[in-house]
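# Fold and geometry: a report
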Amino acid sequence: MAPIPGSGLAKGLAVTLRTMTRKSVTEQYPDALPDLPPRTRGVIGLFEENCTVCMLCARECPDWCIYIDSHKETVPAAAPGGRERSRNVLDRFAIDFSLCMYCGICIEVCPFDALFWSPEFEYAETDIRELTHERDKLREWMWTVPAPPALDLRAEEPKELAAARKSAEKLAAARAAEAAEAAPAADRVEPGEGEA
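A brief structural summary. (Residues numbered from 1 in each chain as written. Predicted model: local features only at pLDDT ≥ 70, side-chain atom pairs only at ≥ 80, totals over all residues. Heavy atoms only, no water.)

### Considering the overall build of the protein
- When helices and strands are tallied, the protein shows five helices and five strands.
- When the helices and strands of the protein are placed in sequence order, the string is α-β-α-β-β-α-β-β-α-α.
- Its C-alpha atoms give the protein a radius of gyration of 29 Å, clearly above 16 Å, the size a compact globule of 196 residues would have.
- Counting only C-alpha atoms and orienting by the principal axes, one finds that the protein spans roughly 115 × 45 × 40 Å.
- Expressed as a percentage of the 196 residues in the protein, the buried residues total 18%.
- Side chains of the protein carry 23 positive and 33 negative charges; the gap between the two charge centres is 9 Å. (Helix = DSSP H or I, 4+ residues; strand = E, 2+ residues; numbered from the N terminus. Rg over C-alpha atoms; globule rule 2.2 N^0.38 Å. Buried < 20%, exposed > 50% of the residue type's maximum accessible area, 1.4 Å probe, protein only. Lys, Arg positive; Asp, Glu negative; His and termini not counted. Charge placed at Lys NZ, Arg CZ, Asp CG, Glu CD.)

Here it is, written out as structure tokens:
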């Protein structure tokens, strides 16, 4: 069946009339902050402790807006007879947000979860050179990253949290044992000391 001539025009006018009858809503932005969705892409935060200077984020960035400098440091052997290791130490981590297109590739490719999305979006500057955020500024953004939502109430605890809790319990037990050993030693009286 052939379309009726002018039906497209009628549909377009219907959409226009529906839109014209709706009341417009004005956001009072500076006075009232917008209610953003939880996965809003605002600014990128850096969790420096997880960064191994693998350079994946800088290599995969299509805008080349991530700048990383590092140096190698020799770590002494952990056990006698072992060999020394070398590791990368982060000197500079900067993101130029005047170039960034907020694609999220750097966050996706980071194998050690060092980069996160923060919902913060109010970081406009009057000078474009101030939009290059160094690692200290990126670390400040890290504390605004919301906690990830729980996947399932019946799901088991993440392995990282279980390992952290287990090591904290071991450390607390070791400290309690040291305190218990120190307390009776102070209360004990050596023979000959208490005799007059």
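Structure's up, so let's keep going.
### Quick notes on helix α4 (residues 135-142)
- Burial in α4 covers these residues: L138, W141 and M142. An end-on view of α4 places all buried positions within 110° of arc, on one side of the element.
- The elements touched by buried residues of α4 are β1 (43-46), β3 (85-96), β4 (115-118) and β5 (132-133). (Arc of directions from axis to C-beta. Contact = heavy atoms within 4.5 Å.)

### Describing the pairing of β3
- Pairing of strand β2 (residues 66-75) with β3, which is carried by 10 bridges, proceeds in the antiparallel orientation. By the bridge assignment for β3, K72 is matched with N88.
- Pairing of β3 with β5, which is carried by two bridges, proceeds in the antiparallel orientation. Residue pairing for β5: D96 is matched across the bridge by T132. (Pairing = 2+ DSSP bridges.)

### A closer look at the packing of aromatic side chains
- Per the stated rule, a full pass over the model turns up five aromatic pairs.
- Arranged with centres 6.0 Å apart and planes meeting at 45°, the rings of Y29 and F121 form a pair that is tilted. Linking Y29 in the loop between α1 (7-21) and β1 with F121 in the loop between β4 and β5, this pair joins segments that are 92 residues apart in sequence.
- Residue classification places Y29 among the partly exposed positions, given a relative accessible area of 33%.
- With a centroid separation of 5.7 Å and an interplanar angle of 65°, the aromatic rings of Y123 and W141 are classed as edge-to-face. (Phe/Tyr/Trp six-rings, centres within 6.5 Å; stacked < 30°, edge-to-face > 60°.)

### Things to note about a nonpolar patch on the surface
- Among the surface-exposed residues, Y29, L33, L36 and F121 lie close enough to one another that they form a single nonpolar patch of about 360 Å² accessible area.
- Secondary-structure assignment places L33 in the loop between α1 and β1.
- By relative accessible area, which is 59% here, L33 ends up exposed. (Patch = residues over 30% accessible without salt bridge, like charges linked within 9 Å, V, L, I, M, F, W, Y side chains within 5 Å. Areas by Shrake-Rupley, 256 points an atom, 1.4 Å probe, with all protein chains shown as cover. Salt bridge = Lys/Arg side-chain N within 4 Å of Asp/Glu carboxyl O.)

### A few points about the state of the cysteines
- A complete count under the given rule lists zero disulfides for this structure.
- Lacking any disulfide linkage, C54 is separated from the closest cysteine sulfur, that of C110, by 6.0 Å.
- For C54, a relative accessible area of 29% puts it in the partly exposed group.
- With no disulfide of its own, C61 lies 3.6 Å from the sulfur of C65, the closest cysteine sulfur.
- By relative accessible area, C61 is classed as buried at 8%. (Disulfide = S-S within 2.5 Å.)

### Here we look at the pattern of salt bridges
- Under the defined criterion, the tally for this structure stands at six salt bridges.
- When the shortest N-O distance is used, the salt bridge between E73 and R87 registers 3.5 Å. Within this pair, whereas E73 is found in strand β2, its partner R87 is found in strand β3, the two being separated by 14 residues in sequence.

### Observations concerning the side chain of D96
- Tracing the chain through its elements places D96 in strand β3.
- If we ignore the near neighbours within four places in the chain, the residues touching D96 are C65, Y67, L131 and T132.

### Observations concerning the nonpolar core
- Formed by 26 residues in total, the largest nonpolar core has its most connected members in I44, I66, I68, F93, I95, F97 and L115.
- Within the residue set of this core, elements represented by two or more residues are β1, α2 (56-60), β2, β3, α3 (105-109), β4 and α4.
- In this view, I44 contacts I95, F97, C100, C106, I107, L115, F116, W117, L138 and W141; residues no more than four positions away in its chain are not counted. (Core = buried A, V, L, I, M, F, W, Y, C linked by side-chain atoms within 4.5 Å.)

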